[in-house]
Amino acid sequence: MGEATIRDVARRAEVSVASVSRALNGLDNVRAETRERVIKAANELGYVPHAGARSLSLARAHAIGVVLPDLHGEFFSECVRGMDREASRRGYLLLLSNMHDDSDQAAVALRAMRGRVDGLLVMAPHIAPETLEHAIPPALPSVMLNSHADLPGRPALRFDNRAGAEAMVEHLVANGYRHIVHIAGPEGNLDAAQRAEGYLAVCARHALPPRILAGDFNEEAGEAAARTILASNTLTDAVFAANDMMAIGCLHTLRSAGTGVPEKIAVAGFDDVPLARYLSLSTVRVNIAEMGARAVGRLIDLLEGKDLSRDSETFTPELVVRATTAPRTAPKDGAAHA
């Protein structure tokens, strides 16, 4: 089947071609109901505007679209830093967008890239694969980062989140910690789910009591988890957060309350953002900038016909041991929070 045209969209939405054009270009003189019908039809048909199709087939924009869950925080800034370094080296510019936790917003963000870029880099661990497959323009070369599943014809790069989490919890166990709390990432997020799986696997392996507190990858969630731990009668001698920012929030709150880290409670994170080194935070390094650079390289090779493979790549994280998870000393009264 050939690519959908603006007339196909008009027929599906039961409006004029002019109405389709106005709706997709965001003009104000379109009723909300009509705009929604047009967008729905365009998504169903995988419509790419002709200007975009001409740009892709006749000339390169030398621009790469990057769609991330968020643009805030050290993780994403490191990822973009790696992407920008490689893109600049090879003569490309980056066009950034974000899609938070909303699948409708994801479709809007991806659709906004049509006609503006030569290819897409998409990090969407929080978006269902069928939603992504439907939203990404079929003719636009794309590389996926840490997404739920491989999409047909789209190379994928991902971290082995479970292996990284297992390595960290095994490290805590080896250092004498037995009452380890996990601060989880947001529900529905692939990275968060895999890291929780790794934590639970090690707890089961060593017959340790698991305890998971809800989080959302932000510092405030780590602070809230620390307050919960301090107010609880449940024994806790270590915390493993699903990312560094929650670990940093937890670390700050524990120390502010006079709880020694790691003397009373050890704290560990995941990602190894630059700030972790300055706080001596034990973590799991995922080489964020390197992965971003590699993703750009794969996409540009694909665009320039240098690498036509669609193989996926999995990066194994590295355990980084620092002061916040030092070996547990001989048990003393009050050595762990109870």
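Residues numbered from 1 in each chain as written. Predicted model: local features only at pLDDT ≥ 70, side-chain atom pairs only at ≥ 80, totals over all residues. Heavy atoms only, no water.

A.B. asks: So what about the overall build of the protein? Which residues, and what values?
C.D. replies: Each helix and strand counted, the protein has 13 helices and twelve strands in total. By the burial criterion, 52% of the 338 residues in the protein qualify as buried. Residue pairs in contact within the protein that sit at least 24 positions apart in sequence constitute 71% of those at least 6 positions apart. Working note: accessible area of the protein is about 15100 Å², and carbon and sulfur atoms make up 51% of it. (Helix = DSSP H or I, 4+ residues; strand = E, 2+ residues; numbered from the N terminus. Buried < 20%, exposed > 50% of the residue type's maximum accessible area, 1.4 Å probe, protein only. Contact = heavy atoms within 4.5 Å. Areas by Shrake-Rupley, 256 points an atom, 1.4 Å probe, with all protein chains shown as cover.)

A.B. asks: With reference to specific residues and values, describe the pairing of strand β2 (residues 93–98).
C.D. replies: Where strand β1 (residues 63–68) lies against β2, six bridges are found, and the strand directions are parallel. Bridging from a neighbouring strand, leucine 68 pairs with asparagine 98 of β2. Each parallel crossover has a hand, and the one from β1 via helix α5 (residues 74–89) to β2 is right-handed. (Pairing = 2+ DSSP bridges. Right-handed = clockwise from strand over helix to strand, strands pointing away.)

A.B. asks: A description of the packing of aromatic side chains should follow, citing residues and the corresponding values.
C.D. replies: Applying the stated criterion to the full structure yields one aromatic pair. Sitting over the face of the ring of phenylalanine 270, arginine 195 holds its NZ or CZ atom 3.8 Å from the ring centroid. Between arginine 277 and the ring centre of tyrosine 278, over which it is positioned, the NZ or CZ distance is 4.5 Å. (Phe/Tyr/Trp six-rings, centres within 6.5 Å; stacked < 30°, edge-to-face > 60°. Lys NZ or Arg CZ within 6 Å of the ring centre and 35° of its normal.)

A.B. asks: Tell me about the sheet that holds strand β4 (residues 142–145), residues and numbers included.
C.D. replies: Paired through backbone hydrogen bonds, the strands of a sheet run either parallel or antiparallel to each other. Judged by pairing direction, the sheet is parallel, and its six strands sit side by side in the order β2-β1-β3-β4-β5-β11 without closing on themselves. The open sheet is flanked by β2 and β11 (313–315), the only strands paired with a single partner. The sheet shows a mean angle of 15 degrees between the axes of neighbouring strands, direction not considered. Pairing of strand β5 (residues 156–159) with β11, which is carried by three bridges, proceeds in the parallel orientation. (Axes fitted to C-alpha atoms, helices over the stretch in contact; angles between N-to-C directions.)

A.B. asks: Describe helix α13 (residues 288–303), naming the residues involved and giving the relevant values.
C.D. replies: Each α-helix turn comprises 3.6 residues. Residues three or four places apart therefore point the same way. Counted at 1.5 Å a residue, the expected span for α13 with its 16 residues is 22 Å, and the 23 Å between its end C-alpha atoms agrees. Along α13, 14 of the 16 residues are buried, which leaves the element largely enclosed by surrounding structure. Of the residues flanking the end of α13, it is glycine 305, one or two places downstream, whose phi is positive at about 70 degrees. (Expected span 1.5 Å × (residues − 1).)

A.B. asks: Which residues make up unusual backbone geometry, and what values do they have?
C.D. replies: Following valine 261, the chain continues into proline 262 via a peptide bond in cis, with omega recorded as 10 degrees. Within the element layout of this structure, proline 262 appears in the loop between α11 (244–256) and β9 (266–268). Even without a glycine there, the phi angle at alanine 207 is positive, about 55 degrees. Position of alanine 207 among the secondary structure elements: in the loop between α9 (190–205) and β7 (211–213). For alanine 207, a relative accessible area of 69% puts it in the exposed group.

A.B. asks: Explain the pattern of salt bridges residue by residue, including any values.
C.D. replies: When their charged atoms lie close together, side chains carrying opposite charge are able to pair. Counted by the stated rule, this structure contains 20 salt bridges. Glutamate 313 is paired through a salt bridge with arginine 294; the nearest N and O atoms lie 2.9 Å apart. A residue pair is termed long-range when its members are at least 10 positions apart, and glutamate 313 in strand β11 and arginine 294 in helix α13 qualify at 19 residues. Two residues, lysine 306 and glutamate 304, come together in a salt bridge whose shortest N-O distance is 3.0 Å. Connected via shared salt-bridge partners are Glu86, Arg89, Arg90, Asp301, Glu304 and Lys306. (Salt bridge = Lys/Arg side-chain N within 4 Å of Asp/Glu carboxyl O.)

A.B. asks: A description of the nonpolar core should follow, citing residues and the corresponding values.
C.D. replies: In this structure, Ile64, Phe75, Leu121, Ile180, Phe240 and Val267 are the most contacted members of the largest nonpolar core, which totals 66 residues. Shared between two domains, this core holds at least three residues of each, these being domain 2 (60–154 + 287–315) and domain 3 (161–282 + 321–325). Apart from the residues within four sequence positions on either side, leucine 121 is in contact with Ile64, Gly65, Val66, Val67, Met83, Val143, Leu145, Ala295, Val296 and Leu299. If you look at the next biggest cluster of nonpolar residues, it comprises 19 residues, including Met99, Leu120, Ile127 and Leu151. (Core = buried A, V, L, I, M, F, W, Y, C linked by side-chain atoms within 4.5 Å. Domains from an automatic or database assignment.)

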